[in-house]
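One letter stands for each residue in the lines below.
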Amino acid sequence: MSDKHFFNDPTGLVERALRSYVARTPHLHLDEPHRVVSSKTHSKSKVAIISGGGSGHEPAWTGYVGDGMLSAAVAGGIFASPSTKQVMAAINSVPSDEGTILCITNYTGDRLHFGLAREKVNATGRKIAQIAMADDVSLPRSKVQNLGRRGLAGHVIILKLLGAASELGWSFEDCLQLGEETNANIASIGTSLSLCHVPGREPDDRVAQDACVLGMGVHNEPGLRTISPIPPPSELVKTMLEYALDANDPERNFVTFNPGDDVCLLVNNLGGLSTLEIEGLTQVILEELAAVYDIKPSRICVGCFETSLNGPGFSLSLCNLSAISKATCRPLDTIKDLLDAPTTAVAWPRCSYTTQGPKINETLSAQEAPGNGVVFIQDITTSPAAPASLLPALKSACQAAITAEPDITRFDMMMGDGDCGEAVREACQALLARFESAPFTQDPVPLYPALDAINETLEDIGGSLFAILSILSTAFVAGLNKTEDVSATAVGKAAGSAIGSLLRYTGARVGDRTCMDVLIPVCEALQEGAGLGDVVRVAAEAAMATASMKPRFGRATYVGNKADGDMPPDPGAYAIAKWLGGFSEGWNA
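Residues numbered from 1 in each chain as written. Predicted model: local features only at pLDDT ≥ 70, side-chain atom pairs only at ≥ 80, totals over all residues. Heavy atoms only, no water.

## Let's talk about the overall build of the protein
For clarity, the threshold we go by: The helix and strand labels rest on DSSP assignments: H or I over at least four residues marks a helix, E over at least two residues marks a strand, and numbering proceeds from the N terminus. C-alpha atoms define the radius of gyration, and 2.2 Å times the number of residues to the power 0.38 defines the globule rule. Partly exposed describes any residue whose relative accessible area lies between the buried limit of under 20% and the exposed limit of over 50%, with all areas from a 1.4 Å probe on protein chains only and scaled to the type maximum. By the convention used here, residues are in contact when the closest approach between their heavy atoms is within 4.5 Å. Only the protein chains shown count as cover for residues, and all accessible areas are computed by the Shrake-Rupley method using a 1.4 Å probe. Neither His nor the chain ends contribute to the count of charged residues, in which Lys and Arg are positive and Asp and Glu negative. Where a charge lies is defined by one atom per residue type: Lys uses NZ, Arg uses CZ, Asp uses CG and Glu uses CD.
On a plain count of helices and strands, the protein comes out with 19 helices and 12 strands. Here the protein has a C-alpha radius of gyration of 24 Å; the compact-globule value for 589 residues is 25 Å, and the two agree. For the protein, the C-alpha atoms occupy an extent of roughly 75 × 60 × 45 Å along the three principal directions. Relative to its full complement of 589 residues, the protein shows a buried share of 58%. For the protein, long-range pairs separated by at least 24 residues make up 74% of all intrachain contacts whose partners lie at least 6 apart in sequence. Total accessible area computed for the protein in this model is approximately 23,900 Å², and 51% of it derives from carbon and sulfur atoms. Side chains of the protein give 46 positive and 67 negative charges; the mean places of these two sets differ by 2 Å.

See below:
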């Protein structure tokens with residue numbers, strides 16, 4: 001991989017990139033604090049289509065904001081999902097009387113943060129839905145049965161069709177059906193020569209010089225298998241198409257393609273290939289499709305649609321337009337017209353399949369700066385004082401987690417993209433800064449406003465771990481507010497209620513090698529009246545036990561089986577155990 005960058009420190013890079021998009025695109029508005037880019041020409045009378053995810057995948061998703069495509073996009077940190085608060089800001093930036101559809105790639109952090117935002121909006125009575133876009137066919141059904149397929153670049157076809165349908169005034173229900181049926185009829189698979197490199201991180205090149213990885217994800221997740229030596233393009237493409245189109249493979253036949261079906265081909269550059277090479281690969285794909293499968297795509301889209309920073313690889317996506325037409329009871333020409341419809345989104349290629357001229361925009365209307373969408377649990381007018389040891393314990397917990405960050409990062413790089421340690425450090429540093437301001441500077445510290453302040457800070461952090469912690473913490477405070485005291489019994493009852501609420505948002509359970517391996521037994525111990533020392537012991541033992549578990553949730557699921565003793569503890573579980581250990585030390589100091 002190439003680990004040379006002009007920006008070796010990624011701090012502020014995402015914001016710079018967003019400012020660049022808006023500076024050269026007059027119809028866009030930037031809410032920089034929340035990293036939300038919205039369309040100034042969005043109409044409340046049309047369905048709002050919102051997408052987003054971690055940065056590093058540009059032009060996804062900011063490049064797709066405009067008439068005929070996305071109403072707004074929200075950007076997380078590099079390879080980290082945006083926080084719930086950011087998603088709420090995106091939703092509030094493009095209000096709709098018809099309803100809002102959140103289009104997200106099928107990764108845990110995105111599902112949780114967008115899911116929590118959806119729950120908050122739904123509670124207000126507004127119409128909202130979520131589509132978890134998933135098109136990767138490289139991994140077998142038996143491996144992804146709990147998670148569903150991974151999201152690859154094929155999902156931008158969904159964004160294009162939905163955006164065009166919304167622009168034409170389709171109803172919320174019709175747009176949602178179109179999105180779901182398109183999602184079910186896309187097959188994608190990727191290949192890369194090496195890993196991409198995240199600025200500011202140590203190189204981690206696990207791919208030999210003479211090898212390529214078949215089925216690699218867009219966050220450096222290990223793929224289906226490594227092929228060495230690198231095969232000629234025709235052989236490589238043949239193998240990729242077999243995984244996407246073999247109707248006799250029960251593990252991967254996610255999408256059916258019948259003779260005569262109208263198909264769209266999308267070839268995506270992961271960011272590190274030359275235009276010359278990606279065009280050459282596209283022609284090889286077209287030749288193989290025609291010769292072996294008698295498929296001649298009626299629509300061909302080539303370029304950088306969803307990159308992986310500087311990843312030297314590509315993915316191919318096949319979308320069955322005929323199947324979408326049949327499932328939605330819409331003429332095939334209508335589906336193709338949506339794909340061809342003009343858009344002001346700067347990143348969508350102008351493929352010249354239609355002679356229709358560019359759309360003349362309506363007069364741009366001024367838009368008020370969107371709010372951040374924060375929803376507080378409730379206003380607390382009276383609150384018991386926090387125990388005197390609470391603030392020292394919280395500070396000690398954060399310091400312990402910051403100290404453990406190198407180990408957390410190392411464990412996460414062995415299993416995924418390595419962002420967990422950075423997120424933990426960022427959260428703990430933010431909490432420590434918060435502890436220096438109100439309400440923590442009051443004497444005595446009011447308990448409920450202090451806990452609400454912690455919740456607000458957690459909601460600012462992206463990634464699946466902090467979505468889980470935010471939901472748990474929010475539910476815990478809500479449960480504690482219902483009690484008349486803050487005794488150990490009340491804490492235990494609130495913990496039991498909180499874990500029950502959290503389990504509604506994730507299928508992960510004890511034994512799945514996730515942070516839930518710690519959170520579930522810790523909450524159960526509190527519910528049973530265990531003391532702090534016993535709770536810390538339970539957390540430490542549970543975290544270390546994850547090292548021997550086969551991952552069944554999260555990105556670690558995509559790591560091939562390793563020999564016993566080769567896997568570290570789950571980084572999220574380890575981070576929580578270290579935080580609780582530090583909390584105990586500070587409480588007893």
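## Some points on the sheet that holds strand β9 (residues 225-227)
Which entries qualify depends on this criterion: Two strands pair under a simple rule: DSSP has to find at least two bridges between them. Axis definition: a line fit to C-alpha positions, over the contact stretch in the case of helices; interaxial angles, taken between N-to-C directions, run 0 to 180 degrees.
Pairing is mixed across the open sheet formed by 6 strands, whose spatial order is β9-β8-β7-β12-β10-β11. At either margin of the open sheet sits one strand with a lone partner, and together these are β9 and β11 (299-303). Neighbouring strand axes in the sheet, compared pairwise and without regard to direction, differ in orientation by 20 degrees on average. The pairing of strand β10 (residues 263-269) with strand β12 (residues 313-320) spans 7 bridges and is classified as antiparallel. Its bridge partner being in β12, Asn-268 is matched across the sheet by Ser-315.

## Points about unusual backbone geometry
A cis amide bond links Glu-58 with the next residue in sequence, Pro-59, at an omega value of 15 degrees. Pro-444 follows Asp-443 through a cis peptide bond whose omega is 0 degrees. One can find Pro-444 in the loop between α13 (420-434) and α14 (447-459). For Cys-329, which is not glycine, the phi torsion reads 60 degrees and is therefore positive. Following the sequence through the fold, Cys-329 ends up in the loop between α9 (321-328) and α10 (332-340). Residue Cys-329 is classed as exposed on the basis of its relative accessible area, which comes to 71%.

## Considerations on the environment of Ala-488
Within the secondary structure, Ala-488 is located in helix α16 (residues 488-502). Classification of Ala-488 as exposed rests on a relative accessible area of 63%. The sequence separation of Ala-488 and Lys-160 amounts to 328 residues, and the corresponding C-alpha distance is 53 Å.

## Some words on the environment of Leu-532
Secondary-structure assignment places Leu-532 in helix α18 (residues 532-545). Residues Leu-532 and Asn-588 lie 56 residues apart in sequence; the distance between their C-alpha atoms is 9.7 Å. Beyond its immediate chain neighbours, meaning those up to four positions away, Leu-532 contacts Phe-583, Ser-584 and Trp-587.

## Examining empty space enclosed by the protein
Quick reminder of the rule: Here a cavity is any set of points on a 1 Å grid over the protein atoms alone where a 1.4 Å probe fits but cannot get out, and a pocket is any open set with protein on both sides within 12 Å along at least 5 of 7 lines; a residue lines the site when it has an atom within 4 Å of a point. Grid points are joined across faces, edges and corners, and a volume is the space filled by probe spheres set on the points. Note on residue categories: nonpolar means Ala, Val, Leu, Ile, Met, Phe, Trp, Tyr, Cys or Pro, charged means Asp, Glu, Lys or Arg, and polar means any other residue, Gly included.
With the rule as written, the count across this model stands at 2 cavities of 30 Å³ or more. The calculated volume of the second largest cavity comes to roughly 50 Å³. Lining the second largest cavity we find Leu-152, Ala-153, Gly-190, Thr-191, Met-216, Gly-217, Val-218, Asn-268, Leu-270, Phe-314 and Ser-315. Sorting the residues of the lining of the second largest cavity by element identifies β7 (186-192) and β12 as the ones contributing at least two each. Its residues placed into classes, the lining of the second largest cavity shows 6 nonpolar, 5 polar and no charged.

## Focus on the packing of helix α17 (residues 516-527) against α18
Operational definition: These descriptions rest on fixed angle ranges, namely under 35 degrees for roughly parallel, over 145 for roughly antiparallel, 65 to 115 for roughly perpendicular, and the rest for oblique. The crossing is said to be left-handed when, going from far helix to near helix, the turn is anticlockwise and less than a right angle, and right-handed when the turn is clockwise.
Put simply, α17 and α18 touch, their axes get as near as 9 Å, and they point 160 degrees apart. Considering their axes alone, α17 and α18 lie roughly antiparallel with respect to each other. Along this stretch, α17 crosses α18, giving a crossing that reads as right-handed. Across the interface between the two elements, Asp-517, Val-518, Pro-521, Val-522, Ala-525 and Leu-526 of α17 pack against Val-535, Val-538, Ala-539, Ala-542 and Ala-543 of α18. Tallied by class, residues from the contact of α17 with α18 come to 10 nonpolar, no polar and 1 charged.

## Re the pattern of salt bridges
Short version of the rule: Salt bridges, as used here, are contacts in which a Lys or Arg side-chain nitrogen is within 4 Å of a carboxyl oxygen on Asp or Glu.
One pass over the structure, following the stated rule, counts 19 salt bridges. Among the salt bridges present, the one from Arg-299 reaches Asp-340, with a minimum N-O distance of 2.7 Å. Of this pair, Arg-299 sits in strand β11 while Asp-340 sits in helix α10, and the two are 41 residues apart along the sequence. The salt bridge partner of Asp-407 is Arg-410, with a shortest N-O separation of 2.9 Å.

## Considering the domain arrangement of the protein
The test is simple: By convention here, the domain bounds are inherited from an automatic or database domain assignment. A quick way to say it: buried area is the sum, across both parts, of accessible area lost when two parts are put together, with a 1.4 Å probe.
Splitting the protein by domain gives domain 1 (13-184), domain 2 (187-199 + 207-331) and domain 3 (389-588). When each unit is reduced to the centre of its C-alpha atoms, the spacing between domain 1 and domain 3 is 28 Å. Contacts between the two partners involve 22 residues from domain 1, matched on the other side by 21 residues from domain 3. Each partner contributes to the roughly 1,900 Å² buried at the junction of domain 1 and domain 3, and carbon and sulfur atoms together form 60% of this total. When residues of domain 1 are sorted by the area they lose upon contact with domain 3, Lys-85, Leu-112 and Leu-147 head the list and together hold 28% of the total. Linking domain 1 with domain 3 are 2 salt bridges.

## Comments concerning the sheet that holds strand β1 (residues 28-31)
By definition, the strands of a sheet pair up through backbone hydrogen bonds, in either a parallel or an antiparallel sense. Pairing is mixed across the open sheet formed by 6 strands, whose spatial order is β1-β2-β4-β3-β5-β6. Bordering the open sheet on either side are β1 and β6 (128-133), each of which pairs with just one other strand. When the angles between neighbouring strand axes are averaged without regard to direction, this sheet yields 20 degrees. Of the strand pairs in this sheet, strand β2 (residues 36-39) and strand β4 (residues 72-78) are connected by 3 bridges, and their pairing is antiparallel.

## Digging into the pairing of β1
Remark: a regular strand shows side chains that alternate across the two faces of the sheet. Residues Leu-28 and Leu-30 point to one face of β1 and His-29 and Asp-31 to the other, with burial holding for every one of them. Note: β1 against β2, 4 bridges, orientation antiparallel. Along β2, the bridge assignment pairs Asp-31 with Val-36. Counted along the chain from β1 to the antiparallel partner β2, the turn is 4 residues long, and its residue Arg-35 has a positive phi close to 55 degrees.

## Overview of the layout of surface pockets
Within this model, the largest pocket holds a volume of roughly 1,300 Å³. Of the residues forming the lining of the largest pocket, the biggest block, 8 residues, is contributed by helix α15 (residues 464-481). Residues that form the lining of the largest pocket fall into these classes: 38 nonpolar, 4 polar and no charged.

## As for the nonpolar core
Put simply, the test is: Among buried residues, those of type Ala, Val, Leu, Ile, Met, Phe, Trp, Tyr and Cys that are joined through side-chain atoms within 4.5 Å constitute a nonpolar core.
The biggest cluster of nonpolar side chains holds 70 residues, and the ones touching the most others in it are Val-424, Phe-435, Phe-466 and Leu-519. The element contributing the most residues to this core is α15, with 10 residues. Both domain 1 (13-184) and domain 3 (389-588) contribute no fewer than three residues apiece to this core. The residues touching Phe-466, leaving out its near neighbours within four places in the chain, are His-113, Ala-423, Val-424, Ala-427, Leu-458 and Ile-461. One finds Ala-60, Trp-170, Cys-264 and Cys-301 within the second-largest nonpolar core, a separate group that totals 54 residues.

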